[in-house]
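Observations on chain architecture
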Amino acid sequence: MGRKKRYLTARMPDGYVKTIGPTADPFTHYWRIVAELENGKTEVFWGHTRSLAEAKKKRAATQDAVRMRGWKSFVFEIAELEESAQPPAGA
């Protein structure tokens, strides 16, 4: 018998809410990079990981991305995922 499917929700400090699922994967954290380019445009990268340590490792790669992609500035954030059996209202 397979693992139970569930929905995972990340709530970011700026009010953004990301819902993942249904999934049986053991994700625990969501990470997001919001980068401002030299021309004023914005790039957003995101993902989910199976541990806080794995999410923190993503931050190390941002210094290479700053040089390669020409970011003027960026914000890297991690949020713990909340689990529910049903999708949040409005999702």
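Rules behind the numbers
Every chain's residues receive numbers from 1 upward, in the order its sequence appears when written. Given that the model is predicted, a residue must reach a pLDDT of at least 70 before its local features are reported, and side-chain atom pairs must reach 80 or more before they are shown or counted; all residues, however, enter totals for whole chains, interfaces and linings. Note that the side-chain values use all heavy atoms of the structure and ignore hydrogens as well as water. Segments assigned H or I by DSSP are reported as helices when at least four residues long, segments assigned E as strands when at least two residues long, and all are numbered from the N terminus. Any two residues whose heavy atoms approach within 4.5 Å are treated as being in contact. Classification of residues uses two cut-offs on accessible area relative to the type maximum, computed with a 1.4 Å probe and protein chains only: under 20% is buried, over 50% is exposed, and between them is partly exposed. Each pair of strands is called paired provided DSSP finds at least two bridges between the two strands. In this analysis, axes come from line fits to C-alpha atoms, helices being fitted only over the stretch in contact, and the angle between any two N-to-C directions falls in the range 0 to 180 degrees.

On to the environment of Gly-47. With respect to the helices and strands, the residue Gly-47 is situated in strand 4 (residues 42–49). Separated by 18 residues in sequence, Gly-47 and His-29 have C-alpha atoms that sit 8.6 Å apart. Gly-47 has contacts with His-29, Tyr-30 and Trp-31, leaving out every residue within four places of it along the chain.

Attention now moves to the pairing of strand 1 (residues 6–11). Within strand 1, five of the six residues are buried, which leaves the element mostly enclosed by the surrounding structure. Sheet analysis places strand 1 next to strand 2 (residues 17–23), joined by five bridges and oriented antiparallel. Looking at the pairing, Thr-9 lines up with Thr-19 of strand 2. Hairpin geometry of strand 1 and strand 2 is characterised by an intervening segment of five residues between the two adjacent antiparallel strands and by a positive phi of about 100 degrees at Gly-15. Of the pairings in the sheet, the one linking strand 1 to strand 6 (residues 82–84) comprises three bridges and is antiparallel in character. Paired with Tyr-7 across the bridge in strand 6 is Ser-84.

The three strands lie next to each other as 4-3-5, forming an open sheet whose pairing is antiparallel. The open sheet has two free edges, formed respectively by strand 4 and strand 5 (71–80), since each of these has just one partner strand. Strand-to-strand, the axes of this sheet are offset by a mean angle of 15 degrees, without reference to chain direction. In the sheet, strand 3 (residues 29–37) pairs with strand 5 via nine bridges, with the strands oriented antiparallel. Bridge pairing in strand 5 links Ala-35 to Phe-74. Helix-sheet contacts for helix 1 (residues 52–60) involve strand 3, strand 4 and strand 5, and the interaxial angle to strand 5 is about 180 degrees.

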